Amino acid sequence: KNIKEEDILLLSYSKASADDLFLKVSKISSNLTVKTFHSLGLDILNKGFNEQTLIQIANFCFKSNIRTLEGMDQSVQKFHKLGLVSVSSIDSHLNEVMATDNKIKTYLQKLNIDRRVNSFDRSFYRTWTYTYKFNDEIIDYALELSTNKTNGMQYANAILTEWYDKGVKTLTEAKKQSTTQEVKNTTSTFERKSFVARSYSEEEVNALFDNLDEINL
């Protein structure tokens, strides 16, 4: 399945068996990680996660069909890399993710596209707003020109990229640019205290884990 060796975690119940397993696999590769279940748990706790947060992450993993300790460990590492070690910080981050997705949904609606927001859409959004630094009116104008086009988001991205390359800063400048050139269709790969848990929708969990998938460990 083309899994990187450094992404493989081998677990054993006792230190003796873990040491024996390490000796055996080290003859094959030095990039494989061997731990006991207890050491894995200790590593996670040492990252600053509390019990409620780990339960919440476990629930996220279950809803996302991540049903192994190895899979959960990868998720925990990604949460930690984002600085999300408490339920409140995860909730705050998720609110930001959903706010971005809701904004992107308005883009899809303007393009008459009826589907879920995906990682390619988020990549376009970050490029347009953070790299190109275009405001809403310029993006909306590009979307207007891309309405009912095949691969509307890619079409809009091609327009905005051309404007960025030409140094467009305002809507007036954008309208002066030629918009008659047909943009080629593309299938580019852009693509124990009392605790009350928040209820998360499938859409929120999907958005959160799509966001995590973009994190490189």
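Just above sits the structure.
Description of the structure in this document. (Residues numbered from 1 in each chain as written. Predicted model: local features only at pLDDT ≥ 70, side-chain atom pairs only at ≥ 80, totals over all residues. Heavy atoms only, no water.)

1. Brief notes about the pairing of strand E2 (residues 33–36)
The line we're drawing: Whether a residue is buried, partly exposed or exposed follows from its accessible area with a 1.4 Å probe, protein chains only, as a fraction of its type maximum: under 20%, in between, or over 50%, in that order. Secondary structure elements follow DSSP: runs of H or I no shorter than four residues count as helices, runs of E no shorter than two count as strands, and numbering proceeds from the N terminus. At least two bridges found by DSSP between two strands are what make those strands a pair.
Of the two faces of E2, only one is covered, namely that formed by Val 34 and Thr 36; the face formed by Thr 33 and Lys 35 stays uncovered. Where strand E1 (residues 9–12) and E2 come together, 4 bridges link them in parallel fashion. Residue pairing across strands places Ser 12 opposite Thr 36, the latter belonging to E2.

2. Comments concerning the packing of aromatic side chains
Put simply, the test is: Put simply, two rings from Phe, Tyr or Trp (the six-membered ring, in Trp's case) pair if the centres are within 6.5 Å, and we call them stacked under 30 degrees between planes, edge-to-face over 60, tilted for the rest.
The full count for this structure, using the stated rule, is 8 aromatic pairs. Relative to Phe 79, the ring of Phe 60 has its centre 6.4 Å away and its plane inclined at 15°; by these criteria the two rings are stacked. Taken together, the residues span a long stretch of sequence, with Phe 60 in helix H3 (residues 51–63) and Phe 79 in helix H4 (residues 69–81) at a distance of 19 residues. With respect to burial, Phe 60 and Phe 79 carry one shared label: buried. The interplanar angle of 40° and the centroid separation of 6.2 Å between the aromatic rings of Tyr 107 and Tyr 125 together place this pair among those described as tilted. In this pair, Tyr 107 is assigned in helix H5 (residues 87–110) and Tyr 125 in helix H6 (residues 119–131), connecting sequence segments 18 residues apart. As far as the burial class goes, Tyr 107 and Tyr 125 line up, both buried.

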